[in-house]
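Here is what each chain is made of, one letter per residue.
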Amino acid sequence: MRFVANMGVATQTTTQMMARISDVFALSPQVVYFQGGTNDVNADTAYATIIANLKSIIDAITSRNILCVIKTIPPYGGAGAYYTAARNALLQNVNQWIRRYATVKKGVVVVDAYNAIVNPTDANGYGTASMYQPSDTVHYNAKGALAIGRKAYTALVNLLPAVDNHVTSITDNYGFNSANLDLHDRAPWTNTGGTVNSPATGTAPTGWIVDSTAVGNWTIVPTISVASRSDGLGYNIVAAMQSNASGATYTLRTDSTAQNARIPSFVGKTYRWAAEIEVVGASGANIRNIQFYASASIGGPSGTIAAAIYGSSAASQVAIDTDGVFFFMTPEFTIPSGAVTNCSATVKVEFDGVGTAVTVKVGSVRLMPMGDA
C-alpha cells in the first residue's frame, strides 16, 4: 500500500472536511483513513451536526466501494485551554456513535485512537501524559502516534495486503551489479573501514560515519560493531548505548562522498530511501524517537530533501518503546536540477533522559528508484 496524499488541513471542522471530499475522490483512492471531530468539539459544535457530517463523509466513501478507516477522537491530555467537562462529554458521545455506526455499516473500520492513548485510571478520561506534546492537551506526540499506529495495525493487518520489499541479497547491490534498477548498496556489505567519532568507540562499515553527543550524556560510551546478519545477507551495524541525560543523540550516517560514487542519482528521477532497523532492549531505555532521513547537496549548498513521516523536515521520528524490527521509508522525492554532489541517509537515535542499555541494529539501507516496472 502506498500513501499517495495527505489531505488533512489543520484547524478544519467536519463541515469543511465534507466540502473537500471530492478532492479526495479525484485521487481514486483504495483506502481513505481519516479523523474528524476534534476541532468541532473544541468549537462547541452541536452533537447532531458533527454526527451528520461524519455520516455523510463515511457514506460518500463507502458508496464508492472505498475502504473507510475512521479514527475515534483522541482524549484530552488534561485540563488545558480547550478542556471543559461539557466538551469532554461531547467527545465521548461522538466516539460512541463512531463505534456503533461501524458495526452496522459495511466497509468501515474503526481505529480507536481514544482507547490507544487514554489513561485507563483517570476518572476524567484524560490521555496518558507522556503521549502528548509539551504543554499541549490536544496534540499527541510520537509515542502517542506509535500507540495509535499499533491500533491501526491490529485493525487493518487482515484487511490489507502487506509487501515487505526490504529483504535484500547481494544481487540487489548496485556495486555488485550496476544493471540492477534497485540501487541498494549498503546492507552494509562490508564490515570494516568506517570512521567512528569520539566519544563512540569501535569500527563501522566502509562508507559509514558514526557521531555521538558529549561523553557526559552516556552511562556507557556508545560502541559500534559490525555483525553478520542471521539471514546471511551481509552485516548489521550494531550500536550499543545507554543514555545518562536528556538530549543524548547517536547518529549513524552514510559517507556522502563514498555513497555518491556508488549510488548514482539522476536529475528529474524520483526516489525513496528505505531502512530496516532493529531495536533490542527498548523497554526502559527512555528513547525519545528514532529518526530516518535523507539529505543531499545540490550544486553546493546542503539541504534535506526527504524525511520519513514529515516530508521535508529533518525532525522525522518514530517513537520506540518495545523491541522489534522496524521499516522506515521516506516519502518520494525528485532530484532537482543542478549537480548532485552527494545523497546520503541518516539514522538518529534521541533519548529523553537516563535509561537502561539498548542496542540498535541498522540492517538494509537503500535508495529505491520509483516508477520502474
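Now for a description of the structure that goes with this document.

### Remarks on the packing of aromatic side chains
Part 1: Scanning all chains against the criterion turns up six aromatic pairs.
Part 2: Centre to centre, the rings of Y76 and Y83 are 5.5 Å apart; their planes meet at 90 degrees, and the pair counts as edge-to-face.
Part 3: A residue is classified by how much of its surface remains accessible, and Y83, at 16% relative accessible area, is buried.
Part 4: Taken together, the ring pairs connect Y76, Y83 and Y126 into an aromatic cluster.

### Here we look at the environment of G78
Part 1: If you trace the backbone, G78 turns up in the loop between β2 (67-71) and α5 (85-104).
Part 2: Setting aside residues up to four positions removed in sequence, G78 forms contacts with Y83, Y126 and T137.

### A short note on the sheet that holds strand β1 (residues 31-34)
Part 1: Read across the sheet, three strands follow the order β1-β2-β3 without closing on themselves; strand pairing throughout is parallel. Lying at the two open borders of the sheet, with one neighbouring strand each, are β1 and β3 (108-111). In this sheet, adjacent strand axes meet at a mean angle of 20 degrees when their direction is disregarded.
Part 2: In terms of strand pairing, β2 meets β3 through four bridges, oriented parallel. Looking across to β3, one finds that V69 is bridged to V109.
Part 3: Those strands touched by helix α7 (residues 142-156) are β1, β2 and β3, and its axis lies near 150 degrees from that of β3.

Calculation criteria
- Residue positions are given per chain, counted from 1 along the sequence in the order it is written.
- Restriction of local features to residues with pLDDT of at least 70 applies here, the model being predicted, together with a cutoff of 80 or more for giving and counting side-chain atom pairs; totals for whole chains, interfaces and linings are based on all residues.
- Side-chain calculation: all heavy atoms of the structure are included, whereas hydrogens and water are not.
- Note on aromatic contacts: the rings of Phe and Tyr and the six-membered ring of Trp form a pair at centre separations within 6.5 Å, being stacked when their planes are under 30 degrees apart, edge-to-face when over 60 apart, and tilted otherwise.
- Here's how the labels work: a residue is buried when its accessible area is under 20% of the maximum for its type, exposed when over 50%, partly exposed in between, all with a 1.4 Å probe on protein chains only.
- Numbered from the N terminus, helices here are DSSP runs of H or I no shorter than four residues, and strands are runs of E no shorter than two.
- In this analysis, two residues are considered to be in contact whenever any of their non-hydrogen atoms come within 4.5 Å of each other.
- Pairing between strands is defined by DSSP: at least two bridges between the two strands are required.
- Convention adopted: a line fitted to C-alpha atoms gives each axis, helices being fitted over their contacting stretch, and angles between N-to-C directions are expressed from 0 to 180 degrees.

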